[in-house]
Structures are given as C-alpha cells and as structure tokens.
Amino acid sequence: MNHHLFATHPPMGWNSWDCYGAAVREEEIRGNAEYMAKHLKDYGWDYIVVDIQWYEPGAISSQYRPFVPLEMDSYSRLMPAVNRFPSAADGKGFKPLADYVHSLGLKFGIHIMRGIPRQAVHAATPILGTSATARDIAHPNSICPWNTDMYGVDASKEGAQAYYNSLFELYASWGVDFVKVDDIAASRLYQIHVPEIEMIRKAIDRCGRDMVLSLSPGPAPLEHAEELKANANMWRMTDDFWDLWPLLHGMFERCYKWAEHVAPGQWPDCDMLPLGHLGIRSVDGGGSDRWTRFTKDEQLTMMTLWSIFRSPLMFGGEMRDNDEWTLSLLTNRDVLHLHRNGSGAHQVSRETDKIVWKAQDDNGAVYAALFNAGDEEAIVSVSMEQLGLTPSPRGKELWTGEVITLTDGQLSAKLPPHGAALYRLEP
C-alpha cells in the first residue's frame with residue numbers, strides 16, 4: 001500500500017497537548033470530539049489526537065514525572081492509564097474510545113514516544129512474535145533528553161522489528177487512524193532516527209490498517225527530506241510552536257525552505273495552532289492557563305501562512321470554550337478550499353518583513369497572501385506580472401469577503417503590524 005494515499009489532503013484535527021499537556025483525561029477527549037462533530041466536521045476537521053503520556057497514571061501537567069511506573073501489558077507495550085481513561089479497563093486499551101470517536105464520524109489518533117519502555121528493558125519483559133526480550137533490543141544510550149519513559153530500539157537486533165510490528169498490530173486492533181511519533185524527526189542529542197522511522201513504516205504497512213504517520217519534534221533536517229517523504233505523511237519543521245510572535249515570524253523562513261517538498265501524502269508540518277483557550281494543564285511555552293497570546297492580526301497571519309503553505313492544521317485549544325472569532329478562523333470555506341486544493345505554493349517576494357506568497361487551486365484561481373511581519377503598519381504590494389496574471393483580474397479578500405477589481409496591475413494592502421491579507425484572484 002502506498003502510504004501517500006493515506007493523507008491526500010493535509011490532515012486537520014485537534015490535539016490535546018496545548019491545553020492539557022501530558023494529563024488529558026477521557027472526558028476531555030470525548031467532549032472535544034463531540035464539539036468537533038457538531039461544529040467543525042462539516043468543514044473537513046476530523047482527527048482527534050490524544051497526545052503524550054496517556055499511559056502515565058500520575059501525569060498532572062506538561063512537566064513529566066521522571067522514572068515513574070507506566071501502565072504496560074505483558075508484551076512490553078504501553079497501555080492507557082485506566083484512572084484517566086476508564087473505558088480502557090480490562091485490557092480494552094483505546095478501542096472503546098476510538099469506537100466512540102468513529103461513531104461521531106471522526107478519526108482517532110495517539111501520540112507515542114520512539115523506542116521501548118525503560119521499565120520493560122530493566123525487567124527483560126517479553127515481546128510478541130519473538131523470543132527476544134525488551135532488554136535484547138534496547139539501545140540504552142539512545143535516550144530522549146527531555147523524557148525518561150523510553151530507550152531507543154536498536155534496528156540491528158533480532159526482535160526489533162517484531163516489537164514495532166506488535167505495537168502497530170495493537171493500535172490497528174484499537175482502531176487508531178493517526179500516530180504521532182515523538183523524539184524521532186529531530187533530537188537534541190542525535191538528530192534524526194532514520195532506522196526507527198523505517199521500522200515504524202514497515203510495521204504500519206503490515207498491520208492492515210491505514211494510519212497517518214506524523215513525526216516530531218523538529219526542526220526535521222532538510223537534508224533528510226527524501227527519507228522523510230519515503231516513510232512519513234507529515235514531519236515537524238519546528239520545535240514546539242507556541243503563541244509567541246518570534247516563533248511565528250521564524251516560520252516564514254521554514255516554509256520558504258520546505259515549500260518544494262509539499263505534495264499529496266507528504267506534508268511538512270508547521271505544528272499546532274495555539275488558538276483559543278490554552279494551557280489549562282500545560283505549562284510549556286512560558287504560559288499557564290490563558291487565552292492565546294496572539295493578537296487577532298497574528299492569528300490571521302498564522303492561519304493564512306499555514307493554509308497557503310498547506311501545513312496540517314491541528315487545533316490546540318479547548319474547543320468547547322471557543323468564541324465566535326476563534327470558530328470563524330476554522331470555518332472559512334474559501335480559506336479551507338485553498339488549504340485542501342491548493343498547489344504550487346511559494347514565496348514570490350520578500351523585502352525584510354514585507355512578504356508575498358502565491359498558490360493556485362484546481363479551478364485555475366490564483367491566491368496571493370500578503371504579510372506584514374514588521375512592527376509598524378506597512379503597505380505590501382505585488383504586481384499581476386509577478387503573479388502571472390493579466391493586468392485587471394477581479395478578486396476577493398478571503399477573511400473580510402471584500403471584493404476588489406485591480407485596474408493598475410498592482411495588488412496592495414495597508415496591513416497592521418504582524419498582519420496579513422489573503423486574496424483569491426480570478427484570471
């Protein structure tokens with residue numbers, strides 16, 4: 001099976017990390033799934049992803065508790081903590097929760113860490129489908145610098161592939177549609193872990209279920225673009241992205257570098273959308289329980305860049321608390337049409353902090369995104385010639401709905417600091 005067919009459009013969904021850190025609970029997953037089914041599914045949003053440490057009974061925030069016992073089955077595989085996910089009792093794992101998410105017409109995803117639990121290695125517990133034990137396949141000096149749950153798996157060892165196969169057999173039996181694997185695309189200690197990425201790819205291919213494979217954290221190394229495309233559906237271009245302007249400003253450069261690699265089934269990933277009500281139990285990114293620190297202009301800039309570039313869109317806030325403004329950012333059909341059906345996105349021009357991007361869609365319309373990434377109001381312009389259009393097209397600004405006719409062959413917008421405008425132009 002060609003894994004590029006698993007995600008022919010950039011995935012869109014919700015992930016629990018930005019609001020609940022490592023401590024999300026089942027009722028919060030169910031509640032956000034119900035919200036998505038009611039308010040967002042009709043617009044193409046369909047993934048519900050349980051982020052890190054669902055197997056840690058005592059998780060209380062985004063600060064990991066080091067070297068604590070984790071919930072695990074007899075074959076060295078981590079299992080949902082029943083005190084946080086009551087429907088997982090009696091060894092059912094995530095199947096009841098995934099079934100519920102599927103019943104709403106949505107898809108279910110989980111986060112895992114690269115490797116095998118350290119507690120399994122220390123106890124030399126069995127691995128399904130091989131006589132090797134967890135101790136035999138571990139790479140004990142291949143560790144994650146920020147989390148103590150796992151050792152890496154040594155791909156050269158007998159039983160290594162069997163371990164990953166057993167994991168994805170389990171996830172397929174639960175009904176998992178999306179797996180975000182962490183500490184693998186980039187690592188503060190070892191950069192990229194290609195052999196483990198390849199083992200995971202093989203395990204998904206043999207498990208019999210289509211699963212989107214997302215790799216974290218970033219920045220994934222550009223020089224490994226071919227291996228990333230050959231094995232994954234999405235990979236992070238950045239370390240964790242939070243509601244801080246310098247991180248958003250830096251994304252223009254990352255998108256510029258990765259744009260040529262965007263294609264169906266292979267999506268360089270700008271990371272989460274830290275919008276709405278954040279940090280309820282997550283204390284990362286320098287914030288606590290808060291509303292997004294991005295201004296409305298910065299929110300429009302983020303949504304415009306992510307959409308024209310065609311990053312996966314993973315909403316990070318507690319959706320049940322969304323106000324009208326936040327919901328409007330996620331339900332603009334014109335913008336979402338570009339995100340779903342755009343192609344050829346690239347930076348047309350950049351003069352310091354005046355930035356212009358262009359893309360087209362399957363109907364022949366041309367899109368121009370104008371950004372003022374500076375700290376003062378500025379006029380940002382692009383000529384019809386630069387956009388490959390005849391001098392007088394008609395157009396529409398997609399966030400305001402304003403209709404425009406261009407007579408002088410120039411598209412210009414007076415933009416506030418950190419602001420953006422997104423135009424669809426008919427040739």
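Draft legend 1. A look at the sheet that holds strand S5 (residues 138–143). Reading across from one edge, S4-S6-S5 is the order of the three strands in this open sheet, with antiparallel pairing throughout. Edge positions in the sheet fall to strand S4 (116–117) and S5, since each has one partner strand and no second. In the packing of helix H6 (residues 160–174) onto the sheet, contacts are made with S4 and strand S6 (150–153), and the angle to S6 comes to roughly 120°.

Draft legend 2. Seen up close, the sheet that holds strand S19 (residues 403–405). Strand order in the open sheet formed by six strands is S14-S15-S16-S21-S18-S19, and the pairing between neighbours is antiparallel. Looking at the sheet topology across the chains shown, the edges are occupied by strand S14 (343–351) and S19. Strand after strand, the sheet turns through a mean of 25° between neighbouring axes, direction not considered. Here strand S18 (residues 394–397) runs beside S19; their pairing, made up of three bridges, is antiparallel. Bridge pairing in S19 places glycine 395 opposite isoleucine 404.

Draft legend 3. Representation of helix H3 (residues 95–103) in the model. Those residues of H3 not exposed but buried are Leu97, Ala98 and Val101. On an axial view of H3, the arc spanned by its buried residues comes to 100°, and they lie on one face. Contact partners of the buried residues in H3: helix H2 (26–39), strand S2 (47–50), strand S3 (107–113) and H6. In the segment just after H3, glycine 105 is the residue with positive phi, at about 85°.

Draft legend 4. Structural view of the packing of aromatic side chains. For the structure shown, the criterion picks out 17 aromatic pairs. Connected via pairs of aromatic rings, a cluster forms that spans Trp54, Tyr55, Phe85, Phe94, Phe108, Phe168, Tyr171 and Trp174. Above the ring of tyrosine 100, the side-chain terminus of arginine 30 is found at 4.6 Å from the ring centroid. A cation over an aromatic ring shows up here: lysine 296 above the ring of tryptophan 325, its NZ or CZ 4.7 Å from the ring centre.

Draft legend 5. Up close: the environment of glycine 316. Looking at the element boundaries, glycine 316 is found in the loop between strand S13 (313–315) and helix H11 (324–330). Given the relative accessible area of 0%, glycine 316 is considered buried. Put simply, glycine 316 and glycine 109 are 207 residues apart on the chain and 14 Å apart in space, counted from C-alpha to C-alpha. Residues within four places of glycine 316 in sequence aside, it is in contact with Trp14, Asn15, Asp18, Cys19, Met272, Leu273 and Leu278.

Draft legend 6. View of the nonpolar core. Core analysis: the biggest nonpolar cluster contains 130 residues, and Phe168, Tyr171 and Trp357 have the highest contact counts within it. Sorting elements by how many residues they give to this core places H6 first, with nine residues. Apart from residues lying up to four places away in sequence, tyrosine 171 is in contact with Ile110, Ile112, Val176, Val179 and Met211. Judged by nonpolar contacts, the second largest core, of 17 residues, contains Val380, Leu389, Ile404 and Ala421.

Draft legend 7. View of H6. Counted at 1.5 Å a residue, the expected span for H6 with its 15 residues is 21 Å, and the 22 Å between its end C-alpha atoms agrees. Of all 15 residues in H6, twelve are buried, a share of seventy percent or more. All of the buried residues in H6 are Ala160, Ala162, Tyr163, Tyr164, Asn165, Ser166, Leu167, Phe168, Leu170, Tyr171, Ala172 and Trp174. Remark: glycine 175 follows H6 within two positions and exhibits a positive phi of approximately 95°.

Rules used in this analysis
Residues numbered from 1 in each chain as written. Predicted model: local features only at pLDDT ≥ 70, side-chain atom pairs only at ≥ 80, totals over all residues. Heavy atoms only, no water. Pairing = 2+ DSSP bridges. Helix = DSSP H or I, 4+ residues; strand = E, 2+ residues; numbered from the N terminus. Contact = heavy atoms within 4.5 Å. Axes fitted to C-alpha atoms, helices over the stretch in contact; angles between N-to-C directions. Buried < 20%, exposed > 50% of the residue type's maximum accessible area, 1.4 Å probe, protein only. Arc of directions from axis to C-beta. Phe/Tyr/Trp six-rings, centres within 6.5 Å; stacked < 30°, edge-to-face > 60°. Lys NZ or Arg CZ within 6 Å of the ring centre and 35° of its normal. Core = buried A, V, L, I, M, F, W, Y, C linked by side-chain atoms within 4.5 Å. Expected span 1.5 Å × (residues − 1).

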